[in-house]
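# Structural characterization, general
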Amino acid sequence: MKSYRKELWFETKERRELINITPDIAECLKASGIKEGLLLCNAMHITASVFINDDESGLHQDFETWLEGLAPEKPYSRYLHNGFEDNADAHLKRTIMGREVVVAITGGKLDFGPWEQIFYGEFDGRRRKRVLVKIIGE
Ligand code: ZN
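Residues numbered from 1 in each chain as written. Predicted model: local features only at pLDDT ≥ 70, side-chain atom pairs only at ≥ 80, totals over all residues. Heavy atoms only, no water.

### Concerning the overall build of the chain
Condition: Think of it this way: any DSSP run of H or I at least four residues long counts as a helix, any run of E at least two long counts as a strand, and we number them from the N terminus. Only protein chains enter the area calculation, which uses a 1.4 Å probe; residues under 20% of their type maximum are buried, those over 50% are exposed, and those in between are partly exposed. Contacts are assigned to residue pairs with any non-hydrogen atoms lying within 4.5 Å of each other. For the area figures, the Shrake-Rupley method with a 1.4 Å probe applies, and any residue is considered shielded solely by the protein chains shown. In summary, the charge assignment counts Lys and Arg as positive and Asp and Glu as negative, without counting His or the chain termini. By convention, the charge on Lys lies at NZ, on Arg at CZ, on Asp at CG and on Glu at CD.
Along the chain, the regular secondary structure elements total 3 helices and 8 strands. Its helices and strands in sequence order give the chain the pattern β-β-α-β-β-α-α-β-β-β-β, from N to C terminus. Along the three orthogonal principal directions, the C-alpha set of the chain runs to about 50 × 30 × 20 Å. Looking at the 138 residues of the chain, the share that counts as buried comes to 41%. Considering only intrachain contacts with a sequence separation of at least 6, the fraction spanning at least 24 residues in the chain is 83%. Split by element, the accessible area of the chain, about 7,700 Å² in all, is 54% carbon and sulfur. Counting 20 positive and 23 negative side-chain charges, the chain places the averaged centre of each group 6 Å from the other.

Here you go:
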């Protein structure tokens, strides 16, 4: 069995951003040489997500509005976690949006359904943070 590991680094300009990382993941798959197997991609930080959804700007705004409704960033004082930090909302948003995705590798390609794309969801950005890509197979 072959195995491949890579860390991808991101530093967003805004506190919250969604980045389509599908091209980076496809690059990792190509570099791995693996044709049949499984790919895991996870955020290595507890205030960021990796998830699969549609690359459509209206939907991305809908995610922002929905998440702000569930766990508003402000006032910071509404959260017990914000004694020394201001990112309680980011922890909650990350939990809802998920830590990782697993994608089947078939014939050397990401075996997606229609419109599926992989996103990095940043909820407490403006600093360097990582995503892990692990691929196993033949
Ligand atoms: Zn925190």
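Next, the rest of the story.
### Let's talk about the nonpolar core
What tends to happen in soluble globular proteins is that the nonpolar side chains get buried as a cluster. To keep things clear, this is the line we draw: Nonpolar cores are built from buried Ala, Val, Leu, Ile, Met, Phe, Trp, Tyr and Cys residues. Side-chain atoms within 4.5 Å join them into one set.
One finds Ile21, Ile25, Leu39, Cys41, Val131, Val133 and Ile135 to be the most contacted residues of the largest nonpolar core, which totals 22 residues. Put simply, the parts of the chain that give this core at least two residues each are strand S1 (2-10), helix H1 (22-32), strand S3 (37-43), strand S4 (48-53), strand S5 (100-106), strand S7 (117-122) and strand S8 (129-137). With near-sequence residues (within four places) excluded, cysteine 41 lies in contact with Ile21, Ile25, Val50, Arg99, Glu100, Val101, Val131, Leu132 and Val133. Among the nonpolar cores identified, the runner-up in size contains 7 residues, and Phe51, Ala90, Phe119 and Phe123 belong to it.

### Regarding a nonpolar patch on the surface
The following threshold applies: Here the term patch refers to residues with relative accessible area over 30% and no salt bridge, with like charges joined within 9 Å and nonpolar side chains (Val, Leu, Ile, Met, Phe, Trp, Tyr) within 5 Å. For this document, the term salt bridge refers to a Lys or Arg side-chain nitrogen within 4 Å of an Asp or Glu carboxyl oxygen.
A cluster of nonpolar side chains, namely Met1, Leu38, Val102 and Ile136, defines an oily patch on the protein surface of about 410 Å² accessible area. For isoleucine 136, the location among the structural elements is in strand S8. The exposure class assigned to isoleucine 136 is partly exposed, which follows from its relative accessible area of 34%.

### Structural notes on helix H3 (residues 88-97)
Spacing of three or four residues puts side chains on the same side of an α-helix, whose turn is 3.6 residues. In terms of residue burial, H3 counts as a mostly covered element, since 7 of its 10 residues are buried. Within the span of H3, buried status applies to Ala88, Asp89, Ala90, His91, Lys93, Arg94 and Met97. In this fold, the buried residues of H3 make contact with S3, S4 and helix H2 (57-70).

Read these as layout, nothing more, since geometry by itself doesn't imply function.
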